[in-house]
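The lines below spell out each chain.
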Amino acid sequence: MVENALPAAGEAISSPLIDRKQRRVTYLRVSVTDRCNYRCTYCMPEDGVDHVDRADILSFEEIVALVRCFVGLGVDRIRLTGGEPTVRRDLVDLVRLLRAIPGLREIALSTNGHLLDTLAAPLRAAGVDRLNVSVDSLSPERFSRITRRGDLGRVMAGLHAARAAGFQSIKINAVAVKGFNDDEVASLCRWAWGEGFVPRFIEQMPMMDGSLFVPGQLLAAAEIRRLVEAGFPGSRLVPPTTGAPQGWGPARYWSLVDGPNPPPDATQSRLVGLISPMTEHFCDTCNRVRLSSAGALHACLAYDDAVDLRGILHRSGEAGVKAAIRAALAVKRDGHDFQLVGLGGPRKSMVQIGG
């Protein structure tokens, strides 16, 4: 039974979860569905992708059981993803169940924001600590074009609801695409900073064997930094003096400062994050693994191999799941094989693994 797989409350962590490269894994991304109400051009084809049968999607009880196994191995932070996680029915109930797990320090959520206007307050009350919201353009027409189904006004209403609900950490994710939104890099920063959000720009990756990847559209991290500085004459990007806040995942953060000798506290404002898997790799500091909506453990986003933790949970309970997690980390690759021409990616789509 699934219930037998739950670690006892307050169970001690036997030893840190470390891979063969001595990277400590403390962060788990949990996909709660592979469905999405958008069809973003960089994420999936217009006609969608093959979905997991609904009967094979993890139940809330299974998600909680598996997350508790990870927490028992030292993971203290999770991010709920999709697909689009807010389309999962009764998501707020799942958050409450996860919040009750001893040792789980933080729950974050990545969303396109379409349903956030009604869900922000209950999600915050249930225990979500941080939000990442996708806003690839401030132009309603462009936003609709890149999402194929999106409504920018509704996303903005969701962001306002999130702020009213008391979320202190809201990050804005934008996939940077040359010839599409490169002329909005500075304006996205200006808008986000004005609203109290942290903008982040993501290099597109060659998922689905690179079928959606156009090499000439890749906007590299160095070019993004140049565009930010160009939008604010007399200012420059510098690393934050005290480092980025703890637990901010794969992004590298920069602060926009004025003049040659800014005061130390100036580098903690106007933060911008860059997630640059293509041109400035961050594999050496990877601290995360992914759990798919069907219960498969993916040690690396960039490969298709996975371990069926759901099956192991039902066959072998807690001990089997923990052993399988450790075994998967023992062979976690040093890094990915993404190539700038669009080769080297996995067959799976981003929507199927949750980013």
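Right above here is the structure, for reference.
Note that the structure is a prediction, hence the values are computed from the model and not measured. (Residues numbered from 1 in each chain as written. Predicted model: local features only at pLDDT ≥ 70, side-chain atom pairs only at ≥ 80, totals over all residues. Heavy atoms only, no water.)

Visitor: Even after reading the chapter, I still don't get the pairing of strand β8 (residues 252-258), so can you show me in this structure?
Guide: Walk down a regular strand and you will see the side chains alternate between the two sheet faces. Bridging between strand β7 (residues 235-238) and β8 involves four bridges; their strand directions are antiparallel. Each bridged residue has a counterpart across the sheet, and for V238 the counterpart in β8 is S255. Where β8 meets strand β9 (residues 271-275), four bridges bridge the pair, whose relative direction is antiparallel. Across the sheet, the residue bridging to Y253 is G273, located in β9. (Pairing = 2+ DSSP bridges. Helix = DSSP H or I, 4+ residues; strand = E, 2+ residues; numbered from the N terminus.)

Visitor: Where do I start with the environment of Y38 in this structure?
Guide: Relative to the helices and strands, Y38 resides in the loop between β1 (27-31) and α1 (60-72). Judged by relative accessible area, which is 2%, Y38 ranks as buried. Sequence spacing of Y38 and H114 is 76 residues, and the spatial spacing of their C-alpha atoms is 8.9 Å. For Y38, the contacting residues outside a window of four places in its chain are M44, N112, H114, F143, T147, R149, G150, D151 and V155. A polar side-chain atom of Y38 sits 2.9 Å from a polar atom in the side chain of H114. (Buried < 20%, exposed > 50% of the residue type's maximum accessible area, 1.4 Å probe, protein only. Contact = heavy atoms within 4.5 Å. Polar contact = N/O pair within 3.5 Å; in protein donor to acceptor, adjacent residues only side chain to side chain.)

Visitor: Quick question: what am I supposed to make of the sheet that holds β8 here?
Guide: Picture the strands of a sheet paired through backbone hydrogen bonds; they go either parallel or antiparallel. What the 12 strands build is an open sheet, ordered β7-β8-β9-β6-β5-β4-β3-β2-β1-β10-β11-β12; its pairing is mixed. Strand pairing shows two members of the sheet lacking a second neighbour, β7 and β12 (307-308), which therefore form its edges. Contacts from helix α2 (residues 91-99) reach β2 (77-81) and β3 (106-111) within the one sheet, and its direction differs from that of β3 by about 155 degrees. (Axes fitted to C-alpha atoms, helices over the stretch in contact; angles between N-to-C directions.)

Visitor: Teacher, can you tell me more about helix α7 (residues 221-230) here?
Guide: Here α7 has its buried residues at A221, I224, R225, L227 and V228. The buried residues of α7 all sit within an arc of 160 degrees when viewed along its axis, so they share a single face. At its buried positions, α7 is contacted by β5 (169-176), α6 (185-195), β6 (198-203), β7, β8 and β9. (Arc of directions from axis to C-beta.)

Visitor: What exactly am I supposed to notice about α1 here?
Guide: The α-helix advances 3.6 residues per turn, and as a result positions three or four apart in sequence lie on the same side. A rise of 1.5 Å per residue sets the reference length of α1, with its 13 residues, at 18 Å; its end C-alpha atoms lie 18 Å apart and thus fit the reference within 8%. With 12 of 13 residues buried, α1 lies mostly within the body of the structure. Taken as a whole, α1 has its buried residues at F60, E62, I63, V64, A65, L66, V67, R68, C69, F70, V71 and G72. Looking at the buried positions of α1, the neighbouring elements they touch are β1, β2, α2, β10 (288-291), β11 (296-298) and α8 (309-330). G74 lies just past α1 and shows a positive phi near 110 degrees. (Expected span 1.5 Å × (residues − 1).)

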